[in-house]
Amino acid sequence: MRNEDFPLIFEHSQEGRVGFSLPDLDVPEVDLDIEVPYVRSTDADLPEVSELQIMRHYTALSKRNHGVDSGFYPLGSCTMKYNPKMNEDVARMPGFSHIHPLQAPESVQGALGLMYDLQTSLEAITGMDQVTLQPAAGAHGEWTGLMMIRAYHEANGDYNRTKVIVPDSAHGTNPASATVAGFEAVTVKSNEKGLVDLDDLKRVVDENTAALMLTNPNTLGLFEEEILEMAEIIHEAGGKLYYDGANLNAILGYARPGDMGFDVVHLNLHKTFTGPHGGGGPGSGPVGVKSDLAPYLPKPIVTKVQERYVFDDNRPDSIGRVKPYFGNFGINVRAYTYIRTMGAKGLKQVSEYAVLNANYMMRELEKDFDLPFSQHCKHEFVLSGKRQKKLGVRTLDMAKRLLDFGYHPPTIYFPLNVEEAMMVEPTETEAKETLDEFIEAMRQIHQEAKDNPEIVQEAPHTTIVGRMDETTAARKPVLRYLK
Amino acid sequence: MTFRYLPMTDHDKRSMLNSIGVESTDVLFSDIPEKVRFKGDLNIKPSASEPELMKELAQLAGENINTKDYTSFLGAGVYDHYIPSIVDHVLSRSEFYTAYTPYQPEISQGELQAIFEFQTMISELTGMEVSNSSMYDGGTSLAEAVTLSAGQTRKKKVLVSKAIHPHSLEVIHSYAMGQNIEVVEIEAREGLTNLSMLADELDEETAGVVIQYPNFFGQIEPLEDVQEILKDSKAMFIVSSNPLALGYLTPPGEFGADIVVGDTQVFGIPAQFGGPHCGYFATTKKLMRKVPGRLVGQTQDEEGRRGFVLTLQAREQHIRRDKATSNICSNQALNALGTSVALSALGKNGIKEMAYQNMQKARYAKKKFEDAGFQVLYSNAFFNEFVLQVQGSVTTLNEKLQEKGMIGGLDLERVHSDLGGHMLVAVTEMRTKEEIDRFVKELGDVYA
């Protein structure tokens, strides 16, 4: 460690300091060494620090981190909206936070009731027939949905449906989930409007198609207008249509996947429904299905029998359990609190303003940046840094320059079908002033690219550390602290 | 209607529409075909104000029996442990919980460093060289270990002890189905994995062997003997471990484990009805480039300042897409942070003391039950859980205990149909001698 390095918690450690307080043992001791065959020969080398040292350490670390509460965070595809504080308080109520998953169901009727009500709400929001809350995150939901599709086909004796089609603009989790569920991922191209190319879809669809995975609006933030035609192509070929709910924030109350012909839907409650992103998780990835796929839902499912809530474990066709216990309940409580806060009208306003904010920014920014697809966007849009690249400034440089303005940059270099992509998602919780300030910063960066490219190329200038040597990090990985 | 999370004003709305050049927001949705447009209101409950909703949800929470008000002897994978107050104070720093995956290291050093520290602590506890940044939970982490072993060895059979958590076993079956992996369940005998059956089933087609340590029944599996059985085999040795026990017990890394997984709920994470908890995944340097999920690595910036980044990302879905080693994207970062804070508070001595108290208190409870004429199954070394034989239905007994302010142990019949009349009792450092005495007495009184 150099003097200017920020210390690790281990570097604060001094032998003899404690940060814990346990009562003295109040039962007679027995000699464990006689009974227990495997006793550690050396202690786990955890830090020895006082409580204040811990608090200062983590407070300082938090100051080295940017969250939504710190400033604007237009990270496309991630829906970095405000995380309501009430949700945090509700999730911490002892009746939600300190209940054990294997308590008698009769002793946790409030929790089961909340789960049931959340399932019902998500069914109404998505237009699906039945929802499971078990998957832990979006990718987990994708895999769960694909396993159900597989079980459905196999129950029909359809063992040759081995292919899952994903657009070239799809999230990386889509093809990865397809592989993990035992399928082969096949790519369908986008057309010049940024939408799925129907001719190419017809070309790749065949009797081996198990499903098509789509986000709608897609990762370019564009609504797939020909969704019904696509549904027809897939269904006629005997396949199923899968909805990746990462972008649901665009269409709440305006359109429902269930009405577009989708058979399976996963949701990211940590995106659309304000579960905090937690620095990378935990999320929650409920999955909804149409009735013909309902028998394959993971077990158990919460159901209502004569005004009491029970776990239904008797589901012979279920794909089984995808997670111990019943999902990320704590995140589900937060999402439920949010849905109850907003109601139907509020949720529709969420999408209305998310889309308005995105279109406003897009029209302002296209004055200085290339916009590959010119139609109205939904909740997010993708710019190309092509013009600035010609001036020697890459999208990565502009992203780093945005850090100097106190912003988290947009998602960059995704989707893969746009050169030097910048994917901007403002969300509905941002005020116009914030959008205007960001637009102004982007304009300034564009101007700098023309007049003074070095300032962008060498950014960031104001952060606590500069650009990191990622090559060495990957070539000679150091994944833990050693004294 | 106005909502406190929506700052849009009529004035701003008009000005923005004007600037876009459209008359109303409806025009922005005109690309949604008429046929799929949703008309009317979503059929959900009406919106409620903050005070109304707070009251309603507090009532709903109040319908649940909770382990703050009741004395719990229920464990089976989720435990009532000491959570230092400091944990939630750190987790409430919104710079942590309102951030996402640290893709921009310059403004995410806090999260990245916290995860690097987490990885170090998990490596220390498990005795493994490498730990990732977290998985969803212990069960799915174990299932990912199974699929990794099959992918790495290019073999399609795994041997899984039936003495692991039954939910984890179910999750393994689900994941194995996706990858067409055959799961052979190895029976338990006297509360431990039947190692002669394990040795018989082990063959050249075996990709991995799964053992839980301590196992679902609280018993400490003889990892040394498993290591011996596996010494000439290419099969991977996968151990699922309660990391609190590893504060006292010899870590699986010292028995040649290839992958060690588990759940850190025991460190700073409330039960929350089963989630979110936090899986960990630790392995050897040899398997470092096959690990699922995110890894944080140390490096330096242009000025030579130490810093941290997400690294070896070529394994991951956003780069490798259909060739990725796993599809995991979001993980349990915030809970990993909570675990790091709890482990910093416990420190080198606290974790040992806590594990020790669990073992002592569980032994005291076991002896009290035996003295009161109960039979406790198995005579192996155990951690903080044991199997108690009772007369009649455990579920009925637990109803009576609840009336006395106690949550009894797990009715094992709920997960093992052949274990009717058996209760899995967990005794943590949170239980006092007086509470244990009362628990034994109340159970005795039911029979008297």
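Cut-offs applied
- Residues numbered from 1 in each chain as written.
- Chains lettered and ligands numbered in written order.
- Predicted model: local features only at pLDDT ≥ 70, side-chain atom pairs only at ≥ 80, totals over all residues.
- Helix = DSSP H or I, 4+ residues; strand = E, 2+ residues; numbered from the N terminus.
- Rg over C-alpha atoms; globule rule 2.2 N^0.38 Å.
- Buried ≥ 20, exposed ≤ 12 C-beta atoms within 10 Å, placed from the backbone.
- Contact = placed C-beta atoms within 7 Å.
- Pairing = 2+ DSSP bridges.
- Right-handed = clockwise from strand over helix to strand, strands pointing away.
- Domains from an automatic or database assignment.
- Nonpolar A, V, L, I, M, F, W, Y, C, P; charged D, E, K, R; others polar.
- UniProt positions renumbered as here; feature names shortened; annotations may be inferred.
- Axes fitted to C-alpha atoms, helices over the stretch in contact; angles between N-to-C directions.
- Parallel < 35°, antiparallel > 145°, perpendicular 65-115°, else oblique.
- Left-handed = near helix turned anticlockwise from the far one by under 90°.
- Core = buried A, V, L, I, M, F, W, Y, C linked by C-beta atoms within 7 Å.
- Arc of directions from axis to C-beta.
- pLDDT = per-residue confidence, 0-100.

1. Focus on the overall build of chain A
Okay, so step 1: When its secondary structure is counted, chain A shows 15 helices and twelve strands.
Okay, so step 2: Taken against the 2.2 N^0.38 rule, which gives 23 Å for 483 residues, the C-alpha radius of gyration of chain A at 25 Å falls within 12% of a compact globule.
Okay, so step 3: Dimensions of chain A along its principal axes, counting C-alpha atoms only, are 75 × 65 × 45 Å.
Okay, so step 4: In chain A, which comprises 483 residues, the share counted as buried stands at 59%.
Okay, so step 5: Of the contacts formed within chain A by residues at least 6 apart in sequence, a portion of 72% connects residues at least 24 apart.

2. Concerning the pairing of strand β4 (residues 182-186) of chain B
Residues and elements named next belong to chain B.
Okay, so step 1: As paired elements, strand β3 (residues 157-161) and β4 share five bridges and run parallel to each other. The residue bridging Lys157 from the neighbouring strand is Glu182, located in β4.
Okay, so step 2: After leaving β3, the chain enters helix α8 (residues 166-178) and then returns to the sheet as β4, a path that is right-handed.

3. A word on the domain arrangement of chain B
Residues and elements named next belong to chain B.
Okay, so step 1: Splitting chain B by domain gives domain 1 (71-82 + 348-447) and domain 2 (86-342).
Okay, so step 2: Spacing between the C-alpha centres of domain 1 and domain 2 amounts to 28 Å.
Okay, so step 3: The element that contributes the greatest number of residues to the side of domain 1 that touches domain 2 is helix α12 (residues 333-371), accounting for seven residues.
Okay, so step 4: Along the lines of polarity and charge, the residues of the side of domain 1 that touches domain 2 split into 16 nonpolar, six polar and two charged.

4. Focus on the UniProt feature "modified residue: N6-(pyridoxal phosphate)lysine" (unreviewed entry) in chain A
All names here are of chain A.
Okay, so step 1: Mapped onto the present numbering, the UniProt feature "modified residue: N6-(pyridoxal phosphate)lysine" (unreviewed entry) falls at Lys271.
Okay, so step 2: Considering the arrangement of structural elements, one finds Lys271 in the loop between β6 (264-267) and β7 (287-289).
Okay, so step 3: With residues near it in sequence (within four places) discarded, Lys271 still touches Cys78, Thr79, Ala246 and Asn249.

5. A look at the domain arrangement of chain A
All names here are of chain A.
Okay, so step 1: You can read the domains of chain A as domain 1 (86-341) and domain 2 (346-457).
Okay, so step 2: Distance from the C-alpha centre of domain 1 to the C-alpha centre of domain 2: 30 Å.
Okay, so step 3: The interface of domain 1 with domain 2 comprises 18 residues on the first partner and 19 residues on the second.
Okay, so step 4: For the side of domain 1 that touches domain 2, a count of residues per class yields eight nonpolar, eight polar and two charged.

6. As for the packing of helix α6 (residues 138-155) of chain A against helix α7 (residues 173-180) of chain A
All names here are of chain A.
Okay, so step 1: Across the interface, α6 lies against α7 with an axial gap of 9 Å and an inter-helix angle of 45°. In terms of orientation, α6 lies oblique with respect to α7. Both α6 and α7 take part in a crossing whose hand is right-handed. Side by side, α6 and α7 meet where Gly138, Ala139, Glu142, Trp143 and Leu146 of the first sit next to Thr173, Asn174, Ser177, Ala178 and Val180 of the second.
Okay, so step 2: Its residues placed into classes, the contact of α6 with α7 shows five nonpolar, four polar and one charged.

7. Some points on the sheet that holds strand β16 (residues 410-411) of chain B
Residues and elements named next belong to chain B.
Okay, so step 1: The antiparallel open sheet is built from four strands, whose spatial order is β13-β14-β17-β16. The open sheet is flanked by β13 (375-376) and β16, the only strands paired with a single partner.
Okay, so step 2: As paired strands, β13 and strand β14 (residues 385-389) are joined by two bridges and run antiparallel to one another. What sits directly across from Gln375, in β14, is Gln389.

8. As for the sheet that holds strand β12 (residues 421-424) of chain A
Okay, so step 1: Spatially, β10-β12-β11 (chain A) is the arrangement adopted by the three strands of the open sheet, whose pairing is antiparallel. Whereas interior strands pair on both sides, the edge strands pair on one side only; in this sheet they are β10 (381-384) and β11 (411-412) of chain A.

9. A word on the interface of chain B and chain A
Okay, so step 1: Across the contact, 168 residues belong to chain B and 171 residues belong to chain A.
Okay, so step 2: When residues of the side of chain B that touches chain A are assigned to their parent elements, the largest contribution, 23 residues, is made by α12(B).
Okay, so step 3: Among the residues forming the side of chain B that touches chain A, the class breakdown is 73 nonpolar, 62 polar and 33 charged.

10. Digging into unusual backbone geometry
Okay, so step 1: The residue after Asn216(A), namely Pro217(A), is reached through a cis peptide bond having omega 0°.
Okay, so step 2: Omega for the bond connecting Tyr213(B) with Pro214(B) falls within 30 degrees of zero, at -10°, which places this linkage in the cis form.
Okay, so step 3: In this structure, Pro214(B) sits in the loop between β7 (206-212) and α10 (223-229).
Okay, so step 4: We note that Gln306(A) has phi near 45°; this positive angle belongs to a residue other than glycine.
Okay, so step 5: If you trace the backbone, Gln306(A) turns up in the loop between β8 (301-305) and β9 (308-312).
Okay, so step 6: For Gln306(A), a count of 5 C-beta atoms within 10 Å corresponds to the exposed category.

11. A closer look at the environment of Gln152(B)
All names here are of chain B.
Okay, so step 1: Along the chain, Gln152 falls in helix α7 (residues 138-153).
Okay, so step 2: Residue Gln152 is classed as partly exposed on the basis of its C-beta count, with 18 C-beta atoms lying within 10 Å.
Okay, so step 3: C-alpha of Gln152 to C-alpha of Pro222: the two residues are 70 residues apart in sequence and 26 Å apart in space.

12. Quick word on the nonpolar core
Okay, so step 1: Within the largest apolar cluster, 289 residues are counted, with the highest numbers of intra-cluster contacts made by Met148(A), Val264(A), Val146(B), Val209(B) and Val210(B).
Okay, so step 2: The greatest single-element share of this core, amounting to 20 residues, is contributed by helix α10 (residues 329-365) of chain A.
Okay, so step 3: For Val146(B), the residues in contact, after removing those within four places along its chain, are Val158(B), Ile172(B), Tyr175(B), Ala176(B), Ile181(B), Gly208(B), Val210(B) and Ile238(B).

13. Here we look at the UniProt feature "domain: Glycine cleavage system P-protein N-terminal" (unreviewed entry) in chain A
Okay, so step 1: UniProt records the feature "domain: Glycine cleavage system P-protein N-terminal" (unreviewed entry) at residues 45-302 of chain A, using the numbering of this structure.
Okay, so step 2: Taken end to end, residues 45-302 of chain A has its terminal C-alpha atoms 43 Å apart, with 33% of it in helix and 13% in strand.

14. A word on helix α9 (residues 227-236) of chain A
Residues and elements named next belong to chain A.
Okay, so step 1: Of all the residues in α9, the buried ones are Ile227, Met230, Ala231 and Ile234. Projected onto a plane normal to the axis of α9, the buried residues spread over an arc of 100° and lie on a single side.
Okay, so step 2: Where α9 is buried, its residues touch α8 (198-204), β4 (209-214) and β5 (240-245).
Okay, so step 3: Looking at the residues trailing α9, positive phi occurs at Gly238, about 90°.

15. Let's talk about the confidence of the model for chain B
Okay, so step 1: Chain-level statistics for chain B give a pLDDT mean of 97 and a share of 100% at 70 or above.
Okay, so step 2: On the interface metric, ipTM, the complex scores 0.98, and its pTM is 0.98.

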